[in-house]
Amino acid sequence: MTYAIDPELAPFVASIPSGSFVDPVPARRFFEDVNAMLSAGIDTSALVIEDGSVPGEAGRPPVPIRIYRPKNAPDVSAAILQIHGGGFVVGSLDTEHGLAVHNAVSLGVTVVTVDYRLAPENPYPAGLDDCYAALVWMHQQAAALRIDPARIAVYGVSAGGGLAAALCILARDRSGPAICFQHLSIPELDDRLDTPSARAFTDTPIWKRSLAETSWDYYLGSAWRRGADDVPVLAAPARATDLGGLPPALINTMEFDPLRDEGLLYAMQLLSAGVSVEVHSYPGTFHGSAIFPARVSRQQARDSEDALRRALR
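So, here is what we can say about the structure in this document. (Residues numbered from 1 in each chain as written. Predicted model: local features only at pLDDT ≥ 70, side-chain atom pairs only at ≥ 80, totals over all residues. Heavy atoms only, no water.)

**Quick word on the packing of aromatic side chains**
The geometry of an aromatic ring pair is captured by two quantities: the separation of the ring centres and the angle between the planes.
Stage number 1. Scanning the entire structure with this criterion turns up 11 aromatic pairs.
Stage number 2. Ring geometry for Phe 201 and Phe 256: centres 6.0 Å apart, planes at 70°, overall edge-to-face. A residue pair is termed long-range when its members are at least 10 positions apart, and Phe 201 in the loop between helix 7 (196–200) and helix 8 (209–220) and Phe 256 in strand 7 (residues 249–256) qualify at 55 residues.
Stage number 3. Residue Phe 201 is classed as buried on the basis of its relative accessible area of 6%.
Stage number 4. In this structure Phe 256 comes out as buried when scored by relative accessible area, which is 9%.
Stage number 5. Ring-pair connections join several aromatic residues into one group, and the members of that group are Phe 88, Tyr 124, Trp 216, Tyr 219 and Trp 224.
Stage number 6. Its end group placed over the ring of Tyr 132, Arg 174 keeps NZ or CZ at 4.6 Å from the ring centre. (Phe/Tyr/Trp six-rings, centres within 6.5 Å; stacked < 30°, edge-to-face > 60°. Helix = DSSP H or I, 4+ residues; strand = E, 2+ residues; numbered from the N terminus. Buried < 20%, exposed > 50% of the residue type's maximum accessible area, 1.4 Å probe, protein only. Lys NZ or Arg CZ within 6 Å of the ring centre and 35° of its normal.)

Pasting the structure below:
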């Protein structure tokens, strides 16, 4: 299929390799290498960066985290729990480094990234449990971290957006730690893959239907079958029928992305439940195109910063 990709993004499409999750090990290595190249030379001089870990849920192993705090941060700042993407299969603290630095510096807030366990070795709910453990720890350690527990947002891209959405539902249902805002960028929310964009976009750059299918098969593991009626809401938040009482949201989608429609539909579900939502669908874009220099990429970055700044002030 031919796609009307933004002319500033089109030159990059030919250089994007066809990805596969069939063997997670080389997929993870490739993802790490690409992100290392993209984040090379990033200036971190304005930040104090610290690696650590938080206690796992219910006696599970400690969860690695990385903390970014601006050197000129106020005595008490807002904070973001940032959850990396990668189809639930790839990604790490290092692959999230560039975006974490950007958010901490541009917004002047503390950012905590979480190295949650990956599928297929650790299917749902392992990754979500690790993210919840990080959220609980941020609230418990708010004074030591010098963050305001009333101003903690969650931010996720792709699979990280799906985990961020699920985390908001989980925290609500457990009457757990407060989340003031959810930033869901190109979120992976629906294992059914039955929207018009999921059915149509089988050969789009970076993310395509076959990758989405493998991603969900790995994430759901042997306990659930992709598309079956019993897949849990906390695994696939698009299945939720009760979204009331969730934090305000920003949802970004890309025109030529299999995940486009599930993001737009989730925004409508939130709005119908009385949740305030800002939603964008960027023309001529594709999944992950924001990493490439173009006016539409810069616009997306500005929109995200503006929404987070308003939410965290």
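**Things to note about the sheet that holds strand 3 (residues 77–83)**
Stage number 1. One open sheet accounts for 8 strands, arranged 1-2-4-3-5-6-7-8; its pairing is mixed. For this open sheet the edge positions go to strand 1 (47–54) and strand 8 (277–286), each flanked by a neighbour on one side alone. Averaged over all pairs of adjacent strands, the angle between strand axes in this sheet comes to 20°, irrespective of strand direction.
Stage number 2. Helix 4 (residues 126–140) contacts strand 1, strand 2 (63–70), strand 3, strand 4 (110–114) and strand 5 (147–157) of the sheet and is inclined by roughly 170° relative to strand 3.
Stage number 3. Lying over the sheet, helix 6 (residues 159–173) contacts strand 3, strand 5 and strand 6 (181–185), oriented at roughly 140° with respect to strand 5. (Pairing = 2+ DSSP bridges. Axes fitted to C-alpha atoms, helices over the stretch in contact; angles between N-to-C directions. Contact = heavy atoms within 4.5 Å.)

**Section: the nonpolar core**
Here is a general trend for soluble globular proteins: nonpolar side chains tend to be buried in one another's company.
Stage number 1. Core analysis: the largest hydrophobic core is formed by 69 residues, its most contacted members being Leu 81, Leu 128, Leu 167, Tyr 266 and Leu 270.
Stage number 2. Among the elements that make up this core, the one with the highest residue count is helix 6 (10 residues).
Stage number 3. Formed by 18 residues, the second largest nonpolar core is a distinct cluster that contains Ala 153, Tyr 155, Leu 308 and Leu 312. (Core = buried A, V, L, I, M, F, W, Y, C linked by side-chain atoms within 4.5 Å.)

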